[in-house]
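# Overview (structure and organization)
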2 protein chains.
Amino acid sequence: MSEAGSPILLLAPLYPPTQAELESRHRVVRLWEAADPSATIDAVAGECRAVVTHSGRGIDAATIGRLPRLELVANYGVGVEAIDVEACRARGVAVTNTPDVLTEDVADLALGLLLAAVRRIAQGDRFVREGRWPKGAMGLTQSLQRRNVGIVGLGRIGAAIARRCAAFNTRIAYFGPRRKAGVDYRYFDDVVALAQWADVLVAACPGGPETAKLVSRAALEALGAEGTFVNIARGSVVDQPALVELLVSGRLGAAGLDVFDDEPDVPVELLALDSVVLQPHQGSATHPTRAAMGGLVLDNVAAWAAGRPLPTPA
Amino acid sequence: MSEAGSPILLLAPLYPPTQAELESRHRVVRLWEAADPSATIDAVAGECRAVVTHSGRGIDAATIGRLPRLELVANYGVGVEAIDVEACRARGVAVTNTPDVLTEDVADLALGLLLAAVRRIAQGDRFVREGRWPKGAMGLTQSLQRRNVGIVGLGRIGAAIARRCAAFNTRIAYFGPRRKAGVDYRYFDDVVALAQWADVLVAACPGGPETAKLVSRAALEALGAEGTFVNIARGSVVDQPALVELLVSGRLGAAGLDVFDDEPDVPVELLALDSVVLQPHQGSATHPTRAAMGGLVLDNVAAWAAGRPLPTPA
């Protein structure tokens with residue numbers, strides 16, 4: 001660990017090679033290992049000018065307020081909804097994130113969940129492992145062919161999901177705050193109307209207060225008993241109690257879920273349900289993508305330290 | 001059940017609406033329900049001119065030999081390797097199958113298995129259901145991005161798999177008995193060389209003696225500890241004992257398997273393995289595709305009965 005320069009406050013562990021590299025370049029204080037985190041913040045407050053955090057951890061306004069010399073919050077992850085970006089802006093603190101490098105892996109997982117939910121792949125895997133096949137066939141499932149896929153949020157990740165879906169002979173439409181220029185997919189200005197049209201609804205929008213419960217109870221009811229919901233965005237973007245209730249009662253057909261309210265806690269009602277496929281927030285959890293995300297964090301910190309323009313301001 | 005005309009011998013159950021329609025049009029003898037199947041064959045042999053079977057059941061030369069008036073074997077399924085096609089040809093018995101209508105669903109399942117194996121989706125689902133997430137992250141997986149996908153057999157289904165893989169930023173190559181005209185994917189004339197090049201190897205060739213163990217022990221060893229094998233073809237096309245041994249020992253990285261030797265029996269060593277995703281032969285097992293397959297069986301039987309050209313001779 002280098003003792004040179006002011007300390008960087010690291011709020012949570014990073015991809016280990018990235019963290020090792022950061023610690024070789026800077027004096028890093030690991031807040032999650034502190035016996036008394038509040039005392040540790042006070043101890044570094046006089047000289048700490050940079051914080052590194054990740055999307056699941058963020059940083060709140062109170063902590064920002066306790067770091068008077070703060071200049072940079074570098075986030076490991078693309079979503080910055082757990083960072084009080086307004087408090088940073090008001091103080092002139094720069095915020096960076098790690099866009100683009102995780103887009104394709106997250107879209108791959110979305111298609112994996114979509115296919116697993118529609119074709120009941122995790123259910124089939126259990127069926128074989130539990131020795132049920134010799135007693136009779138598993139039964140037929142839905143097909144993805146010629147189905148309508150509605151994408152909530154056609155940003156980088158949503159567009160990457162749409163590109164993949166096009167190779168599966170699906171029809172594609174999307175919801176967003178506005179119609180995208182140069183995009184041929186059908187546009188809906190209302191999520192419920194999109195869900196009514198769709199056989200499969202995929203949430204791919206940012207988290208945060210603006211999209212809270214954007215996929216509402218009414219949207220899930222419109223998707224219906226033959227419909228499939230996929231979420232690789234954030235647990236907050238769907239009405240989770242309604243999602244659970246409709247899945248349990250069969251009024252929503254199936255779901256593939258990578259994200260939840262209150263992760264790592266998952267509603268217990270989902271754990272025994274054959275109609276869902278559950279992932280522990282694995283969207284970007286691949287070795288090459290986590291390395292690339294870590295590289296962007298290092299690049300942003302290095303640019304800040306050298307007084308150069310930040311590569312990826314959020 | 002119509003009693004008109006000569007009986008159609010049905011060797012195994014079909015998609016129920018198809019079977020109901022067949023039985024409304026013809027006198028159908030359900031062989032699998034017979035107390036003494038051999039006696040039943042003898043009882044119908046004098047007048048039976050058509051057999052309906054499916055890919056998992058087929059019909060052997062001995063049975064064909066016991067039906068001297070046989071004119072048609074209509075197969076429900078594209079693969080006819082369980083039908084003694086040579087014995088049929090020698091007798092002038094026509095064989096029909098159900099191509100094309102199942103291609104896209106089988107390719108969808110191939111991609112589902114491929115994504116599930118590379119991104120460990122069934123493993124992640126178990127991780128969440130077993131309550132392990134709150135105790136710590138699942139860990140990182142491989143990425144599919146910029147990986148090499150080798151396809152063994154670029155027929156209808158292999159080509160449909162390749163089209164899908166192209167949307168996932170993969171490089172694609174194939175093995176087949178000969179280079180395909182008008183195909184830009186890289187060609188290998190040797191499966192081991194293809195497996196050496198590939199990160200993911202997908203078997204999509206027909207079954208039968210010509211392709212028995214085409215994916216050999218040497219090919220699986222060449223694929224290696226970081227490699228993934230996907231099989232939506234037939235259990236016979238891979239050296240299954242070698243596949244099991246290499247997966248158990250970690251010398252093959254992962255597998256997504258829809259088909260096995262001796263279905264519905266699955267090697268017990270695979271049932272506890274996190275690195276595999278297992279399906280009970282669900283490739284074409286969707287409602288719309290089974291209905292379309294059944295429709296082709298009915299069309300072939302109707303054409304035969306009317307003396308018209310057969311729509312889909314095998």
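Fair warning: this is a prediction, and the values are worked out from it, not measured in the lab. (Residues numbered from 1 in each chain as written. Chains lettered and ligands numbered in written order. Predicted model: local features only at pLDDT ≥ 70, side-chain atom pairs only at ≥ 80, totals over all residues.)

## Looking at the overall build of chain A
Applied cut-off: Helix and strand definitions here come from DSSP, where helices need a minimum of 4 consecutive H or I residues and strands a minimum of 2 consecutive E residues; each element is numbered from the N-terminal end. Exposure criterion: with C-beta atoms placed from backbone coordinates, a residue whose C-beta has 20 or more other C-beta atoms within 10 Å is buried, one with 12 or fewer is exposed, and one in between is partly exposed. C-beta atoms are placed from the backbone for every residue, and two residues are taken to be in contact when these atoms lie within 7 Å.
Tallying secondary structure elements over chain A gives 11 helices and 12 strands in all. Across its three principal axes, chain A shows a C-alpha extent of roughly 65 × 50 × 30 Å. Looking at the 314 residues of chain A, the share that counts as buried comes to 50%. Contacts in chain A between residues far apart in sequence, at least 24 positions, make up 60% of those at least 6 positions apart.

## Thoughts on the relation of the copies chain B and chain A
There are two copies of the chain, and a rotation about an axis plus a shift along that axis relates them. Stated precisely, the cut-off is as follows: The copies were overlaid by least squares, fitting only the C-alpha atoms of residues that reach a pLDDT of 70 or more in each copy.
Once chain B has been moved 0.0 Å along the axis and rotated by 180°, it coincides with chain A to within an RMSD of 0.0 Å. The symmetry that links the two subunits is that of a two-fold axis. When the interface residues of chain B are mapped onto chain A, 100% of them again fall at the interface, so both copies present the same face.

## Some words on the interface of chain B and chain A
Formally: For this scheme, ten residues count as nonpolar: Ala, Val, Leu, Ile, Met, Phe, Trp, Tyr, Cys and Pro. Four count as charged, namely Asp, Glu, Lys and Arg, and the remainder, Gly too, count as polar.
On the side of chain A, 47 residues touch chain B, which itself brings 47 residues to the contact. Among the secondary structure elements, those contributing two or more residues to the side of chain B that touches chain A are helix H5 (103-119), helix H6 (121-129), helix H7 (156-166), strand S12 (276-278) and helix H11 (287-306) of chain B. Residue composition of the side of chain B that touches chain A, by class: 25 nonpolar, 12 polar and 10 charged.

## Side note on the packing of helix H1 (residues 16-25) of chain B against H11(B)
Residues and elements named next belong to chain B. To keep it simple, the criterion reads: Axis geometry follows a simple rule: fit a line to the C-alpha atoms, using only the stretch in contact for helices, then measure angles between N-to-C directions, giving values from 0 to 180 degrees. Note on angle classes: values under 35 degrees are labelled roughly parallel, values over 145 roughly antiparallel, values of 65 to 115 roughly perpendicular, and the remainder oblique. Whether a crossing is left-handed or right-handed is set by the direction in which the near helix is turned from the far one by less than a right angle, anticlockwise for left-handed and clockwise for right-handed.
Between H1 and H11, whose axes approach to 8 Å, the crossing angle comes to 20°. Taken together, the axis directions place H1 and H11 in an arrangement best described as roughly parallel. Crossing of H1 against H11: the hand is right-handed. Judged by residue contacts, Pro17, Thr18, Glu21 and Leu22 of H1 engage Ala291, Gly294, Val297, Leu298 and Val301 from H11. Per-class residue counts for the contact of H1 with H11 are six nonpolar, two polar and one charged.

## Comments concerning the pairing of strand S3 (residues 50-54) of chain B
Residue and element names in this part refer to chain B. The criterion, for reference: Two strands qualify as a pair provided DSSP detects at least 2 bridges between them.
Of all five residues making up S3, five are buried, and the element is well covered by its neighbours. Burial along S3 is two-sided: Ala50, Val52 and His54 facing one way and Val51 and Thr53 facing the other are all buried. Note: S3 against strand S4 (residues 72-76), five bridges, orientation parallel. The residue of S4 that forms the bridge with His54 is Tyr76.

## A short note on the nonpolar core
Heads up, the condition is: Put simply, a nonpolar core is buried Ala, Val, Leu, Ile, Met, Phe, Trp, Tyr and Cys residues tied into one set by C-beta atoms within 7 Å.
Counting 198 residues, the largest nonpolar core has Ala110(A), Val202(A), Ala110(B) and Val202(B) as the members making the most contacts within it. When near neighbours in sequence (up to four residues on either side) are disregarded, Val202(A) contacts Ala110(A), Leu114(A), Val149(A), Ile151(A), Val152(A), Ile161(A) and Val230(A).

## Here we look at the domain arrangement of chain A
All names here are of chain A. The test is simple: By convention here, the domain bounds are inherited from an automatic or database domain assignment.
In terms of domains, chain A is made up of domain 1 (8-99 + 288-306) and domain 2 (103-278). Between the C-alpha centres of domain 1 and domain 2 the distance comes to 32 Å. If you look at the interface, domain 1 gives four residues, while domain 2 gives six residues. Residues that form the side of domain 1 that touches domain 2 fall into these classes: one nonpolar, two polar and one charged.

## Quick look at the pairing of strand S6 (residues 148-152) of chain A
All names here are of chain A. Rule in force here: By convention, orient the strands away from the viewer: a clockwise path from the first strand over the helix to the second makes the crossover right-handed.
By the criterion of burial, S6 is predominantly enclosed, with four of the five residues buried. The parallel pair S6 and strand S7 (residues 171-175), bridged by helix H7 (residues 156-166), forms a crossover whose chirality is right-handed. Where S6 and strand S9 (residues 200-203) come together, four bridges link them in parallel fashion. Its bridge partner being in S9, Val149 is matched across the sheet by Val200.

## Considering the environment of Leu102(A)
All names here are of chain A. Tracing the sequence through the fold places Leu102 in the loop between strand S5 (94-96) and helix H5 (103-119). Expressed as a C-alpha distance, the spacing of Leu102 and Val266, which sit 164 residues apart in the sequence, is 24 Å. Excluding anything up to four places from it in sequence, Leu102 contacts Val78, Ser284, Thr289 and Met293.

## Thoughts on the sheet that holds strand S5 (residues 94-96) of chain B
All names here are of chain B. With respect to topology, five strands assemble into an open sheet ordered S2-S1-S3-S4-S5, the strand pairing being parallel. Either end of the sheet is taken by a strand with one partner, and the two such strands are strand S2 (28-30) and S5. Strand-to-strand twist across the sheet, computed as the mean angle between neighbouring axes with direction ignored, equals 20°.

## Thoughts on the sheet that holds S7(A)
All names here are of chain A. Read across the sheet, seven strands follow the order S8-S7-S6-S9-S10-S11-S12 without closing on themselves; strand pairing throughout is parallel. In this open sheet, the two strands that pair with only one neighbour each are strand S8 (186-188) and strand S12 (276-278). For this sheet, the mean inter-axis angle between neighbouring strands, taken without regard to orientation, is 20°.

## Here's the deal with H5(B)
Residue and element names in this part refer to chain B. Selection rule: Each residue after the first adds 1.5 Å to the expected span of a helix.
Taking 1.5 Å of rise per residue, 17 residues should cover 24 Å, and H5 covers 24 Å from first to last C-alpha, within 8% of that figure. With respect to burial, H5 is a largely interior element, 17 of its 17 residues being buried. Of the residues trailing H5, Arg120 is marked for its positive phi of about 55°.

## Digging into the packing of H5(B) against H7(B)
Each packed pair of helices is defined by two parameters, the angle between the axes and the distance between the axes. Residue and element names in this part refer to chain B. For the pair H5 and H7, the least separation of the axes is 9 Å and the interaxial angle reads 50°. Considered as vectors, H5 and H7 are oriented oblique to each other. Seen from above, H5 lies across H7 with right-handed handedness. Two secondary-structure elements touch here, H5 through Thr103, Glu104, Val106, Ala107, Ala110 and Leu111 and H7 through Arg156, Ile157, Ala160, Ile161 and Arg164.

## A word on unusual backbone geometry
Residue and element names in this part refer to chain A. Here the bond from Glu263 into Pro264 is cis, since omega is 5°, no more than 30 degrees from zero. Phi is positive for His281, close to 50°, though the residue is something other than glycine. Its place among the elements puts His281 in the loop between S12 and helix H11 (287-306). With 23 C-beta atoms packed within 10 Å, His281 lands in the buried category.

## Quick look at the environment of Pro206(A)
Residue and element names in this part refer to chain A. Relative to the helices and strands, Pro206 resides in the loop between S9 and helix H9 (217-223). Taking the C-alpha atoms as reference points, Pro206 and Ile157, 49 residues apart in sequence, are found 9.8 Å from one another. Not counting residues within four places of it along the chain, the set of residues in contact with Pro206 comprises Gly79, Glu81 and Thr211.

## So, the confidence of the model for chain A
The test is simple: Confidence per residue, as judged by the predictor, is encoded in pLDDT with a range of 0 to 100.
Per-residue pLDDT for chain A averages 97, and the proportion of residues at 70 or more is 99%. Taken over the whole predicted complex, pTM reads 0.95, whereas the ipTM for its chain interfaces reads 0.94.

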